[in-house]
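Residues per chain, in single letters:
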Amino acid sequence: MSKKKKALITGISGQDGAYLARLLIKKGYNVIGGIRYDTRLKPWRLEELGVHNKIKLIPFELLDEKKINQVIKKEKFNEIYNLAAQSFVDKSFLNPVYTNNVNALGVMRILESIRNFSKKTKFYQASSSEMFGNVKSKYFDEKTSFQPISPYAVSKLNAHWMINLYRDAYGLFCCSGILFNHESPLRSDEYVSKKIISELIKIKHKKSKNLILGNIYAERDWGYADDYVEAMWKMLQQKKPEDYVISSGMINSVKTFINKASNYLGFDLKWTGSGLNEKGIDSATDRVIIKIDKKFFRPIDIQYKHGKSDKAKKNLNWKPKTNFDNLVKLICDAELKKYK
Ligand code: NAP
């Protein structure tokens, strides 16, 4: 009988951590989840997916080199998925040093530990489409150059290049998934997709008066997190470690997201004004329910082009199963359930 594979998922309390944990459990893995020492939240996402009792949780902090070495040396994982990060672009402008320490040096700590104590461990790194920044290109794929424009993106790019270096210089099986935005009912409320839907539902239930946003003309390539974690797993099952762009290939503005969600939730939305004076009005009540505020604009923002995942389609036989309309609907349905 073949032995169960053992995988460590860092950042298991996050959105992707929960979906990946569910996938690996389904595939018969022994899943160990790293949670950071000062985490204040219960791993509610694991509970939501019904996998919290099937995982061993261990303290794992990307700033703690000693602990990283101890765990990797002792456990000799078959696979490590590094999903842990200071993952908020906006917060990275407020805490650039911390962001780099976690997102860039944290990855180096793991790579060094694998190199020294567990050379056969396969390593997946959560890179990000934010690394492309404002590079001029029709679409982004593995050959596109990078021009990061936030401390978050710079930190992720640092880790990304380290992965390339450790692969070439030391022959480690390590690779990055350059993932475009992916959402789900498990996304934190701070992210725009979740903020739009949960706020609109609160407005519907008279628990909030309006939804206040920044740049509604920013465009994103949005996919569904549950589809994207499958690509992560597939990357580590290949013969050769390589980096892959994972995207939906569909581009939509924040305003389109609002229109789809409000329509699905039963609002008849009218838009008036422009710039900071642009407003969304609920036709049924004639009330302004959407406003724009300068404070929600980023210091510099990416105007996205879409990602091209042809390489993942060809080599990994991966493509997204959930389109934009269904993604918006499934998050709305999950949020509506909370009110029932
Ligand atoms: P998330 O929900 O914000 O989860 C981030 C996880 O990292 C949380 O479990 C968090 O723990 C943990 N963490 C933060 N600082 C840590 C530290 N110092 N040591 C150990 N763990 C730490 O993010 P996600 O959406 O699941 O994304 C997963 C990964 O993919 C992240 O690296 C993110 O940057 C990257 N990514 C995400 C997207 C996307 O659209 N979702 C796109 C591209 C790349 P707490 O729960 O305690 O805060």
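Refer to the structure presented above.
Here we summarise the structure given alongside this text. None of these values were measured; they are calculated from a predicted model. (Residues numbered from 1 in each chain as written. Predicted model: local features only at pLDDT ≥ 70, side-chain atom pairs only at ≥ 80, totals over all residues. Heavy atoms only, no water.)

Looking at the packing of helix H5 (residues 96-117) against helix H6 (residues 151-170)
Logical step 1: With their axes 8 Å apart at the nearest point, H5 and H6 run at an angle of 15° to one another. Between H5 and H6, the interaxial angle falls into the category roughly parallel. Remark: the crossing between H5 and H6 carries right-handed chirality. For the pair H5 and H6, contact is made by Pro-96, Thr-99, Asn-100, Asn-103, Ala-104, Val-107, Met-108, Leu-111, Glu-112 and Arg-115 and by Pro-151, Tyr-152, Ser-155, Lys-156, Asn-158, Ala-159, Met-162, Ile-163, Tyr-166 and Tyr-170, respectively.
Logical step 2: Grouping the amino acids of the contact of H5 with H6 by side-chain chemistry returns twelve nonpolar, five polar and three charged. (Axes fitted to C-alpha atoms, helices over the stretch in contact; angles between N-to-C directions. Helix = DSSP H or I, 4+ residues; strand = E, 2+ residues; numbered from the N terminus. Parallel < 35°, antiparallel > 145°, perpendicular 65-115°, else oblique. Left-handed = near helix turned anticlockwise from the far one by under 90°. Contact = heavy atoms within 4.5 Å. Nonpolar A, V, L, I, M, F, W, Y, C, P; charged D, E, K, R; others polar.)

A short note on unusual backbone geometry
Logical step 1: Backbone geometry at Lys-206 places phi at a positive 55°, although glycine is not the residue there.
Logical step 2: Positionally, Lys-206 belongs in the loop between helix H7 (192-204) and strand S9 (211-213).
Logical step 3: Judged by its relative accessible area of 75%, Lys-206 falls in the exposed class.
Logical step 4: With a phi angle near 55°, Asn-317 is a residue other than glycine that sits in the positive phi range.
Logical step 5: By secondary structure assignment, the location of Asn-317 is in the loop between helix H10 (310-316) and helix H11 (324-338).
Logical step 6: The class for Asn-317 is exposed, based on a relative accessible area of 62%. (Buried < 20%, exposed > 50% of the residue type's maximum accessible area, 1.4 Å probe, protein only.)

Here's the deal with the site of the ligand
Logical step 1: The local shell around the ligand holds 26 residues, among which Ser-13, Thr-39, Glu-61, Ser-87 and Tyr-152 are the closest.
Logical step 2: In this structure, a nitrogen atom belonging to the ligand sits 3.1 Å away from a main-chain N or O atom of Leu-62.
Logical step 3: One of the backbone N or O atoms of Leu-83 is found 3.0 Å from an oxygen atom in the ligand.
Logical step 4: Relative to its free-state accessible area of 910 Å², the ligand is covered by the protein chains to the extent of 92%.
Logical step 5: Secondary-structure elements contributing two or more residues to the shell around the ligand are helix H1 (15-26), H5, strand S5 (122-128) and H6.
Logical step 6: Take the shell around the ligand: its biggest share by element is three residues, from S5.
Logical step 7: In the shell around the ligand, the residues fall into eleven nonpolar, ten polar and five charged. (Near = heavy atom within 4 Å. Polar contact = N/O pair within 3.5 Å; in protein donor to acceptor, adjacent residues only side chain to side chain. Areas by Shrake-Rupley, 256 points an atom, 1.4 Å probe, with all protein chains shown as cover.)

Overview of H11
Logical step 1: Spanning 15 residues, H11 covers 22 Å between terminal C-alpha atoms, matching the ideal 21 Å at 1.5 Å per step.
Logical step 2: Among the residues of H11, those classed as buried are Phe-324, Leu-327, Val-328, Ile-331, Cys-332 and Glu-335. Around the axis of H11, the buried residues are gathered within 125° of arc, so they sit on the same side.
Logical step 3: Buried residues along H11 sit against strand S8 (182-183), H7, strand S11 (223-224), strand S13 (252-253) and helix H9 (254-264).
Logical step 4: At the N-terminal end of H11, a side-chain oxygen is found 3.3 Å from the backbone nitrogen of Asp-325, two or three residues along, and the residue is Asn-323. (Expected span 1.5 Å × (residues − 1). Arc of directions from axis to C-beta.)

With respect to the sheet that holds strand S14 (residues 269-272)
Logical step 1: Spatially, S9-S16-S15-S14 is the arrangement adopted by the four strands of the open sheet, whose pairing is mixed. Both edges of this open sheet fall to S9 and S14, since each of them pairs with a single strand only. When the angles between neighbouring strand axes are averaged without regard to direction, this sheet yields 25°.
Logical step 2: Where S14 meets strand S15 (residues 279-282), four bridges bridge the pair, whose relative direction is antiparallel. For Thr-272, the partnering residue across the bridge sits in S15 and is Lys-279.
Logical step 3: Across the face of the sheet, H7 comes into contact with S9 and strand S16 (287-292) while running at roughly 155° to S9.
Logical step 4: Against the sheet, H9 touches S9, S14 and S16, its axis set at about 150° to S14. (Pairing = 2+ DSSP bridges.)

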